[in-house]
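In case you want the letters, here they are:
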Amino acid sequence: MITPSRAAAAAALLGVFEGGRRTPEDWDAKLEGQDAGLAQALLGLVLRRWGRLQAWVRPRLREGARGLPVPTQVALAQGLAQLAWLDGVADHAAVNESVTLVSSREWGFPPHRGLVNALLRQAASDRTSLRRELEGLPAALDRSPFAGEVLEAAVPPDRVSTLWERLQVPPRPAFRALRGDAPEDLEDSGDPPGCLRLREGAPFPKGWLQSGAGMVQDASSQALMAFSWQGAPKRILDACAAPGGKTTSLGLRFPGVPIVALEQDAARARRLEANLALRGIPAEVVCADAAGWLAGPGPAFDLILVDAPCTGSVTLGKHPELTWIGHRIPRPDLLRRQARILEAALPRLAPGGLLLYAVCSWLPEEGMAHRERLASTHPGFRSADIWGRRWGPPGAFRPDPLTWEGEGFQAFALAAPSPGGA
Ligand SMILES: C[S@@+](CC[C@H](N)C(=O)[O-])C[C@H]1O[C@@H](n2cnc3c(N)ncnc32)[C@H](O)[C@@H]1O
């Protein structure tokens, strides 16, 4: 039998390396306490050190050049990660469970039982040397070409390694209180104001979140939504709304203003509706493709938020599997979708209205390249300077990834021509 924590981590790793899939949000939902802690540590370590773990194994194989099937790679990587970095795990648990894993017809590759057993026993004989050897291998081995491209887009070439190091530390979750006082386990970080962080060692505030009195929202989203604008909107549109973090921010900031929240994916639209109901945000949820819906008949909006589908490249730290599957993202299709939604949104802005476009990506093609194109195709729309200089050049929001603790964003704001032509 394999313990549930190791089974869950192995299943998630197979999903990434064999299926090219993202780690599902609920991958560890059935685990509790120490089991959940072990599974999370294991998954994070293997995803963040995958390149070095494979580089340790390769020269020890007789048929190294031909490589190993993915299930064997996963079983070995899990065993090695426990031996090298999880001091609380006993040798026999790390070795035997990986052997059991590879013995499973469902997940493993039984012919490699002996190989996995032999390599892990060798590693277990001197765990300190194993750790030293793994950490002595070049950190760049853990970066895929996709991760390299993202880092180069984010910072100058001489800061790439520094940013990569920062991304190896899982980001701390951030929260927002929506009503009442926040639990004592949360403290106001002050940056941005109202952004709450968990006190050292405090348990995750599940009950508070489930009650709708608070929500998880990254510091970058909070800073982005604290834009300074004097407009008094009569109608707001959130064009890509699920799961509803920013719709909630809009609802709190502009109480009583009708909000339409669009979401293309039916399951996500249901989740959006449930989240907004729980939080007491009265928005009208519509399940539709934003570009098609915007091109149809309907009123103008004074404020339109397009938090567009994107590669999510700023989340390499939170979602380390992205390093290994980012190259599979259909980027041309995403870019087309972003452009279509933007093109359809501009004509639906009321005179003097504000469009906010945001992506959680550092790739310029997903952000500023759209603004440049729109500047030539829609010259009447002005760049709107709604974030301070700390966040980027006028009209743009792009926090410095090397100093800012949030995940990051790339956003711009455009103002529709005013009635007087100002
Ligand atoms: C970055 S997420 C939005 C996050 C959300 N604004 C929040 O703060 O919680 C982008 C969302 O857009 C949805 N989406 C993708 N293509 C869309 C389209 N053409 N029309 C409307 N929604 C779309 C995705 O399903 C996803 O839920």
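Details of the structure are given in the entry above.
Predicted, not measured: the structure shown is a model, and the values here were computed from it. Counting restarts for each chain: residues are numbered from 1 in the order of the written sequence. Whole-chain, interface and lining totals are the exception, using all residues; otherwise, since this is a predicted model, local features are given only for residues with pLDDT of at least 70 and side-chain atom pairs are given and counted only at 80 or more. To get the side-chain values, take all heavy atoms of the structure and skip hydrogens and water.

Engineer: Honestly, helix α1 (residues 4–17) in this entry has me stumped. Any pointers?
Structural biologist: Within an α-helix, residues lying three or four positions from one another point in the same direction, as the helix has 3.6 residues per turn. Put simply, DSSP marks the helices as runs of H or I at least four residues long and the strands as runs of E at least two long, and each gets a number from the N terminus on. Given a helix with a known number of residues, its expected span is that number minus one, times 1.5 Å. An ideal rise of 1.5 Å per residue puts 20 Å on 14 residues; α1 measures up with 20 Å between its terminal C-alpha atoms. Of all 14 residues in α1, 12 are buried; the element is thus mostly enclosed. Any two residues whose heavy atoms approach within 4.5 Å are treated as being in contact. Close packing links the buried residues of α1 with α2 (33–48), α3 (50–57), α4 (70–85), α5 (91–103) and α15 (322–325). Only protein chains enter the calculation, and the probe is 1.4 Å; a residue is then buried if its accessible area is under 20% of its type maximum, exposed if over 50%, and partly exposed in between.

Engineer: Which parts of the structure should I look at to understand the environment of S125?
Structural biologist: Here S125 lies in the loop between α6 (113–124) and α7 (127–136). The class of S125 is exposed, set by a relative accessible area of 60%. Along the sequence, S125 and D91 sit 34 residues apart, while their C-alpha atoms lie 8.6 Å from each other.

Engineer: What is the right way to look at the side chain of R348 in this model?
Structural biologist: Looking at the element boundaries, R348 is found in the loop between α16 (331–345) and β9 (349–359). An unpaired buried charge is present at R348: no salt bridge exists, and E284, the closest side chain of opposite charge, is 9.9 Å distant. When sequence neighbours within four positions are dropped, the list of residues in contact with R348 reads W293, L294, G296, P297, G298, P299, A300, F301 and I304. By the counting rule applied here, Lys and Arg register as positive and Asp and Glu as negative, while His and the ends of each chain are not counted. Here, a salt bridge means any Lys or Arg side-chain nitrogen found within 4 Å of an Asp or Glu carboxyl oxygen.

Engineer: Is there a simple way to explain helix α17 (residues 368–377) in this structure?
Structural biologist: The complete set of buried residues in α17 reads M368, H370 and L374. Buried residues of α17 fall within an arc of 150 degrees about the axis and therefore sit on the same side. Among the exposed residues of α17, those oriented more than 90 degrees off its buried face are E372, A375 and S376. For α17, the elements touching its buried residues are α16, β9, β11 (396–397) and β12 (410–415). By definition, the arc is the one covered by directions from the helix axis to the C-beta atoms.

Engineer: Looking at this structure, I do not really get the pairing of strand β8 (residues 301–307). What am I missing?
Structural biologist: On a regular strand, one side chain projects to one face of the sheet and the next to the other, so that they alternate. Counting buried positions along β8 gives 7 out of 7 residues, so the element sits mostly inside the fold. When DSSP locates at least two bridges between a pair of strands, those strands are taken to pair. Direction of pairing for strand β5 (residues 236–238) relative to β8: parallel, over a ladder of 3 bridges. Bridging across to β8, D238 finds its partner in L305. With 6 bridges connecting them, β8 and β9 associate as parallel partners. When the sheet's bridge partners are listed, I304 is paired in β9 with L355.

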